[in-house]
Amino acid sequence: MDYAVRVSHYLDPVTFELSRDVILLLAGGHVAEVITGGEVSGGLDGLAKQTLDLGDAVCLPGFVNAHAHLDLSHLHRQVPRGLAFTDWARAIISGRQLPEPIIQAGIDDACRMLAATGTTAVLDISVGGDSAPALARHGIRGVLALEVLGEPGRAMQRCDEIIRARFELDIERLGSDAGMAAAPTALAGIDYGYSPHAPYSTGAELYQLAYGRAFGEGRVCTTHVAETRDELQFVLDGSGPFHDMLSSLGVDLSSFAGYGETPITLLLRDWLGPWLPAGAQRAAPLLVLVHCNYPSGEDLQWIERTQPTICWCPRSHAYFGHEPWPLREYFDSGANLVLGTDSLASNDGLDMWGEITAAALAHPDAPRTELLRMATVNGRRALGLADDVADLAIWELPTGFQKPELEQLLNLCVGNHPRLLASFSQGQLTARAI
Ligand SMILES: [Zn+2]
C-alpha cells in the first residue's frame, strides 16, 4: 500500500454515505480498501509505506473543476467590470496577445490556487496545451480540451501539432514522423480532449470533425453554448451584437442569416445528432456543454434525450449578471450536472467551495448534497474517471458539526469554507496543511 490515512469521517463516492472512524488504504492511484469502525487496533503502523493520521477530519471526493481557462489566469482583475459580453470577449482576445512568460506565470498561480483549495482534477479549455506541465508539476489531474476555431481543416491540423508537441502520440493517426525519439514524455494524469469554441463562432463541419474524433477516441469534447441571449439571436437569425463583433473581427457574414434554430437544439439534434444516442440508458457524459444559460424551444427535450454533461459556472454567471440558471429544469432532465469556475477573467478565485456557495445563494432550496455531487463525482463522470480513484480532499471538521449527516455538514461549509488538511490526486499527496 502507498498510503494509510485515518480520518474521523469519510464520504463514500458512490453511495454518498458518511462513515465514522475510517482508515483508507491507497494503492496504485485507487482507494484499495476502506476500513471502518476502528477495526485496526494497532493504529496505522505497518499498513502502508506512508501514514497520515488526520483525526477530526472529513474526507470528501476531490473537487473536479469542469470548466476553466487556465491560460487566461493572467487577466485576473485586469478586465473592467460591467462590460457587455461582446466587449468583454474583445478584451479577452487582446489579453491573449500578452507575452508568453506572463501567460505562463498566470497558469502557475492558477495551479497553486487549485491545489490549495482541494481541486484534484480540472477540465481546462486550452488554446495551446500550455497548462500541461504546470498541472503535472502540481500533481493535479488535467484534461486539456484543445480549442478549435477557424477553418476546419487547418484547425484540426493545428490541434494535431499540439498533440504531437505536448502529449503522447498516436503514431497510427499522426504518422511515424511523429518521431519515436523526439516524442514528448507523457505527463502523469494529463490527457487531452477537444473543444469546438461555440456555435456562434464555429460551424457544423468543425464541430463534427472534433466531436467525431472525440467520440471515436473516447475523449472529452466540451463547448460553450447558449451563454447569452445575444448568442441565441445570432444563431437564430444572424443579427445583433454578435454579428457586429464577428464582422469587426473580419468574419465574412454577408451571406449568413442564422441557422433558424436555438443553439442547444442545433448542436444536439442537427450537428452532433449522428453520434448521439437517443435514450437515457446510453448517456453522453463525455460531451460537456458549458453554460446553457438560456434553454428555449426544444432544448430541454434534446438534453433529456441525449443526456450530455451540463456545466454551470455560478460565480462567472453572477459576474455577467445572467438570469437565474435553470437548475431545477436541468435536475429534472436527468443530465449529468457539474460545476466549473470559468476563467479568472470573469471570476475572483478557483475555489470550488466558492462555486458551491454561489450556487446555494442563487438557489437556496437546492440540496447541498446535490451541489457537492456536481462539484465532485459528477465531474469524475464527465472526465471518464472510475469511482474508486484516489482523488480525495480532506477537510477539518467544521465547528458545530455533531450529527453524522452530510447535509448538515455541507450547510456549515457553505459560506464558511473549511480548512484543507490534505489532498490526494491519482493516489499521490498533492497538498498538506502544516
Ligand atoms: Zn469558458
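Residues numbered from 1 in each chain as written. Predicted model: local features only at pLDDT ≥ 70, side-chain atom pairs only at ≥ 80, totals over all residues.

What is the right way to read the overall build of the chain from this model?
Within the chain, the regular secondary structure consists of 16 helices and 16 strands. Its C-alpha atoms give the chain a radius of gyration of 22 Å, within 12% of the compact-globule value 22 Å for 434 residues. Referenced to the eigenvectors of the C-alpha coordinate spread, the extents of the chain come out at roughly 75 × 55 × 45 Å. Residues counted as buried form 48% of the 434 residues belonging to the chain. (Helix = DSSP H or I, 4+ residues; strand = E, 2+ residues; numbered from the N terminus. Rg over C-alpha atoms; globule rule 2.2 N^0.38 Å. Buried ≥ 20, exposed ≤ 12 C-beta atoms within 10 Å, placed from the backbone.)

Is there a simple way to think about the nonpolar core in this case?
Among soluble globular proteins, nonpolar side chains are generally buried collectively. Ranked by size, the top nonpolar core spans 126 residues in total, and within it Cys59, Leu123, Val220 and Cys311 carry the most contacts. Split by domain, this core shows at least three residues from each of two domains, domain 1 (3–61 + 389–432) and domain 2 (63–383). Those residues within four positions of Cys59 in sequence are excluded, and the remaining contacts are Val7, Tyr10, Leu11, Leu24, Leu392 and Ile394. (Core = buried A, V, L, I, M, F, W, Y, C linked by C-beta atoms within 7 Å. Domains from an automatic or database assignment. Contact = placed C-beta atoms within 7 Å.)

Help me out: how do you make sense of the domain arrangement of the chain in this one?
For interface size, the figure often reported is the accessible area lost on association. When cut into domains, the chain gives domain 1 (3–61 + 389–432) and domain 2 (63–383). Domain 1 and domain 2 are separated by 31 Å when their C-alpha centres are compared. Each side of the interface is counted separately: domain 1 has 22 residues, and domain 2 has 25 residues. At the level of elements, strand 5 (57–61), helix 16 (406–413), strand 15 (420–425) and strand 16 (428–432) are the ones that each hand at least two residues to the side of domain 1 that touches domain 2. The element best represented in the side of domain 1 that touches domain 2 is helix 16, accounting for 5 residues. Its residues assigned to classes, the side of domain 1 that touches domain 2 shows 12 nonpolar, 8 polar and 2 charged. (Nonpolar A, V, L, I, M, F, W, Y, C, P; charged D, E, K, R; others polar.)

Help me out: how do you make sense of the pairing of strand 12 (residues 308–312) in this one?
Looking along a regular strand, one sees side chains alternate from face to face of the sheet. In terms of burial, strand 12 is a largely internal element, 5 of the 5 residues being buried. Examined bridge by bridge, strand 11 (residues 284–291) and strand 12 share 4 bridges and lie parallel to one another. Paired with Leu289 across the strands is Ile310, a residue of strand 12. Between the parallel elements strand 11 and strand 12, the chain passes through helix 10 (residues 299–306) in a crossover that is right-handed. In the sheet, strand 12 pairs with strand 13 (residues 336–339) via 4 bridges, with the strands oriented parallel. Paired with Cys311 across the two strands is Val338, which belongs to strand 13. (Pairing = 2+ DSSP bridges. Right-handed = clockwise from strand over helix to strand, strands pointing away.)

Even after reading the chapter, I still don't get the pairing of strand 1 (residues 3–11), so can you show me in this structure?
When you tally the buried positions in strand 1, you get 8 out of 9 residues, the bulk of the element. The sheet contact formed by strand 1 and strand 4 (residues 50–53) spans 4 bridges and is parallel. Considered in strand 4, the bridge of Tyr3 is made with Gln50. Where strand 1 meets strand 2 (residues 18–27), 8 bridges bridge the pair, whose relative direction is antiparallel. Bridge pairing in strand 2 places Tyr3 opposite Leu26. In this structure, the hairpin formed by strand 1 and strand 2 is closed by a connection of 6 residues, where Phe16 is found at a positive phi of approximately 60 degrees. Of the strand pairs in this sheet, strand 1 and strand 5 are connected by 2 bridges, and their pairing is parallel. Residue pairing for strand 5: Tyr10 is matched across the bridge by Cys59.

I would appreciate a short explanation of the environment of Pro133 in the present structure.
Note that Pro133 resides in helix 3 (residues 132–137). Separated by 228 residues in sequence, Pro133 and Leu361 have C-alpha atoms that sit 35 Å apart.

Help me out: how do you make sense of the packing of helix 7 (residues 229–237) against helix 8 (residues 241–248) in this one?
Helix-helix packing: each pair is described by the crossing angle between the helix axes and the interaxial distance. The interhelical angle for the contact between helix 7 and helix 8, taken along N-to-C directions, is 80 degrees, at an axis separation of 7 Å. As the angle between them shows, helix 7 and helix 8 are arranged roughly perpendicular. Touching Asp230, Glu231 and Phe234 of helix 7 are Pro241, Phe242 and His243, all from helix 8. Classifying every residue of the contact of helix 7 with helix 8 gives 3 nonpolar, 1 polar and 2 charged. (Axes fitted to C-alpha atoms, helices over the stretch in contact; angles between N-to-C directions. Parallel < 35°, antiparallel > 145°, perpendicular 65-115°, else oblique.)

Would you explain unusual backbone geometry in this entry?
Glycine aside, negative phi is the norm for most residues, and most peptide bonds take the trans geometry. Non-glycine residue Arg77 carries a positive phi angle of around 60 degrees. On the secondary structure map, Arg77 appears in the loop between strand 6 (63–68) and helix 1 (85–95).

Teacher, can you tell me more about the packing of helix 14 (residues 368–375) against helix 16 here?
Direction vectors running N to C along helix 14 and helix 16 enclose 75 degrees, while the axes themselves pass 8 Å from each other. When the axes of helix 14 and helix 16 are compared, the pair comes out roughly perpendicular. Residues Arg368, Thr369 and Leu372 of helix 14 form the contact with helix 16, whose own contacting residues are Leu406, Glu407, Leu410 and Asn411. Tallied by class, the residues present in the contact of helix 14 with helix 16 amount to 3 nonpolar, 2 polar and 2 charged.

In this structure, what is going on with helix 6 (residues 204–217)? I would like to understand it.
What sets the pattern is the α-helix's 3.6 residues per turn: residues three or four places apart point alike. Along its 14 residues, helix 6 runs 20 Å from first to last C-alpha, staying within 8% of the 20 Å computed at 1.5 Å per residue. Elements that come into contact with the buried residues of helix 6 comprise strand 8 (141–148), helix 4 (152–166), strand 9 (190–196), strand 10 (221–225), helix 9 (263–271) and strand 11. At the exit of helix 6 stands Gly218, carrying a positive phi of roughly 65 degrees. (Expected span 1.5 Å × (residues − 1).)

What am I meant to see in the environment of Ala27 here?
Mapped onto the elements, Ala27 comes out in strand 2. Sequence separation of Ala27 and Ala4 is 23 residues, and the distance between their C-alpha atoms is 9.2 Å. Apart from residues no more than four positions distant in its own chain, Ala27 is found in contact with Met1, Asp2 and Ala32.

Could you clarify how one ought to interpret the environment of Phe234 in this entry?
Examined against the element boundaries, Phe234 turns out to sit in helix 7. For Phe234, a count of 27 C-beta atoms within 10 Å puts it in the buried group. For the pair formed by Phe234 and Glu161, sequence separation is 73 residues and the distance between their alpha carbons is 32 Å.

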